[in-house]
Amino acid sequence: MLEREVRILFGKEWRQLLRSRGAMVTALLLPLLLLVVVPGLQMLGMKAGLTRPVNLPPGLMLPRGLREMAEDPVAMMRAMLVPFIALGGLIVPSVTASYILITERESRTLELLVALPVRVGQILLAKLLALLALASLVTLALFTIDAGLILFLRVGSSGFVLALLALLLASLTFSTTTALLVSLLARDFRTANNVNGLLIGPTILVCFTVTLAIPGPIVTALLLAALFSLGSIVATFVALKVITFERLLR
């Protein structure tokens, strides 16, 4: 059970998120594009026979995962769904966290928390849960459309859908914890966005590298989910160690 202080702070953070028009627009439009529009068009195009195997030069040496994608359009579709699902989970929390927390700092509402009988850890937990709840509600609702298309068009099995779900939840948690840490430490909105961009760029590169190098989309999705979970634990540990009231108000 959550502590009473955390529940009260969560309610405050949740109401603030719902009142923020910029955060809500970001939370709806970006995942709609990444989780529904692009994958949906690819799957429908594959069903209509618009995709063809790639003609490779004889004797060309490729990683096993990349060769399977080149030879089988369905395998390529399954493989490309992995980084797109991860990207949908990464983008939303990072942008929303920066928008909300920097705005809160600039409006001096964070100073009100100092007068309350709460700990920094309780404030961080309430913010983390509020951001994660918003991102999860939006992305999971859109993910059900992907899951329905995957099963209806026979792009993948139910096990593949569950692996993608695990990846989405792990990427959401990783992005939320890292974005929360960066936004609490950054002095302004521009700095927070720049640092988040520096973190997300290499993360996306890792997602595509793992996808191309390792055969089997289920294995790839679960491996990335494990890496994101580990990153979430590290980011949370660092936040609890370095964030103080003085840093929040800086």
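Everything discussed here concerns the structure shown above.
One structure accompanies this document, and this report is about it.

## Topic: the overall build of the protein chain
Move 1: The helix and strand inventory of the protein chain stands at 10 helices and 0 strands.
Move 2: The order of helices and strands in the protein chain, counted from the N terminus, is α-α-α-α-α-α-α-α-α-α.
Move 3: Evaluated residue by residue, the protein chain yields a buried proportion of 45% over its 250 residues.
Move 4: Contacts in the protein chain between residues far apart in sequence, at least 24 positions, make up 83% of those at least 6 positions apart.

## With respect to empty space enclosed by the protein
Move 1: All chains considered together, the criterion is met by 3 cavities of 30 Å³ or more.
Move 2: Each pocket or cavity is described by its volume, and for the largest cavity that value is around 60 Å³.
Move 3: Mapped by element, the contributors of at least two residues to the lining of the largest cavity are α4 (73-106), α7 (158-185) and α8 (189-213).
Move 4: Tallied by class, the residues present in the lining of the largest cavity amount to 5 nonpolar, 5 polar and no charged.

## Examining helix α6 (residues 120-152)
Move 1: Between the first and last C-alpha of α6 there are 47 Å, a value that for 33 residues agrees with the 48 Å anticipated at 1.5 Å per step.
Move 2: Looking one or two places after α6, you find arginine 154, whose phi comes out positive at around 60°.

## Some words on the environment of leucine 124
Move 1: As for its placement among the helices and strands, leucine 124 is situated in helix α6.
Move 2: Spatially, the C-alpha atoms of leucine 124 and threonine 177 are 9.5 Å apart, while their sequence positions differ by 53 residues.

## Examining the nonpolar core
Move 1: Of all hydrophobic cores here, the largest spans 42 residues; its most connected members are Leu81, Ile150, Val155, Leu164 and Phe228.
Move 2: Elements with a minimum of two residues in this core: α2 (21-47), α4, α6, α7, α8 and α9 (217-242).
Move 3: Ranked by residues supplied to this core, first place goes to α7 with 11 residues.
Move 4: Excluding its chain neighbours within four sequence positions, the residues that come into contact with leucine 81 are Pro39, Met43, Ile150, Val155, Phe160 and Leu164.

## Topic: the packing of helix α1 (residues 4-19) against α6
Move 1: Orientation of α1 relative to α6, taken along the N-to-C sense of each, is 45°, at an axis distance of 8 Å. Comparing the axis directions of α1 and α6 gives the class oblique. Judged by the twist between their axes, the crossing of α1 over α6 is right-handed. Contacts between α1 and α6 involve Glu5, Val6, Leu9, Phe10, Lys12, Glu13, Trp14 and Leu17 from the former and Gln122, Ile123, Leu125, Ala126, Lys127, Leu129, Ala130, Leu131, Ala133, Leu134 and Leu137 from the latter.
Move 2: For the contact of α1 with α6, the class distribution of residues is 14 nonpolar, 1 polar and 4 charged.

## Quick word on a nonpolar patch on the surface
Move 1: Residues Val25, Leu28, Leu29, Leu32, Leu33, Val37 and Leu41 make up a contiguous nonpolar surface patch of about 600 Å² in total accessible area.
Move 2: Along the polypeptide, leucine 33 turns up in helix α2.
Move 3: We classify leucine 33 as partly exposed; its relative accessible area is 43%.

## Overview of the side chain of threonine 211
Move 1: Its location among the elements puts threonine 211 in helix α8.
Move 2: Among the polar contacts made by the side chain of threonine 211, one reaches the main-chain carbonyl oxygen of cysteine 207 at a distance of 2.7 Å.

## Things to note about unusual backbone geometry
Move 1: Look at arginine 154: it is not a glycine, yet its phi comes out positive at around 60°.
Move 2: Inspection of the secondary structure assignment puts arginine 154 in the loop between α6 and α7.
Move 3: Here arginine 154 falls in the exposed class, since its relative accessible area comes to 72%.

## As for the packing of aromatic side chains
Move 1: One pass over the structure, following the stated rule, counts 2 aromatic pairs.
Move 2: Between phenylalanine 10 and tryptophan 14, the aromatic rings sit 6.3 Å apart at their centres with planes inclined by 15°, giving stacked as the arrangement. Placement of both phenylalanine 10 and tryptophan 14 in helix α1 is noted, with a separation of 4 residues, approximately one turn of the helix.
Move 3: Residue class for phenylalanine 10 comes out partly exposed when judged on its relative accessible area of 26%.
Move 4: Owing to a relative accessible area of 22%, tryptophan 14 belongs among the partly exposed residues under this scheme.

Cut-off values and rules
Residues numbered from 1 in each chain as written. Predicted model: local features only at pLDDT ≥ 70, side-chain atom pairs only at ≥ 80, totals over all residues. Heavy atoms only, no water. Helix = DSSP H or I, 4+ residues; strand = E, 2+ residues; numbered from the N terminus. Buried < 20%, exposed > 50% of the residue type's maximum accessible area, 1.4 Å probe, protein only. Contact = heavy atoms within 4.5 Å. 1 Å grid on protein atoms, 1.4 Å probe; cavity = no way out; pocket = protein on both sides within 12 Å on 5 of 7 lines; lining within 4 Å. Points joined across faces, edges and corners; volume = space filled by probe spheres on them. Nonpolar A, V, L, I, M, F, W, Y, C, P; charged D, E, K, R; others polar. Expected span 1.5 Å × (residues − 1). Core = buried A, V, L, I, M, F, W, Y, C linked by side-chain atoms within 4.5 Å. Axes fitted to C-alpha atoms, helices over the stretch in contact; angles between N-to-C directions. Parallel < 35°, antiparallel > 145°, perpendicular 65-115°, else oblique. Left-handed = near helix turned anticlockwise from the far one by under 90°. Patch = residues over 30% accessible without salt bridge, like charges linked within 9 Å, V, L, I, M, F, W, Y side chains within 5 Å. Areas by Shrake-Rupley, 256 points an atom, 1.4 Å probe, with all protein chains shown as cover. Salt bridge = Lys/Arg side-chain N within 4 Å of Asp/Glu carboxyl O. Polar contact = N/O pair within 3.5 Å; in protein donor to acceptor, adjacent residues only side chain to side chain. Phe/Tyr/Trp six-rings, centres within 6.5 Å; stacked < 30°, edge-to-face > 60°.

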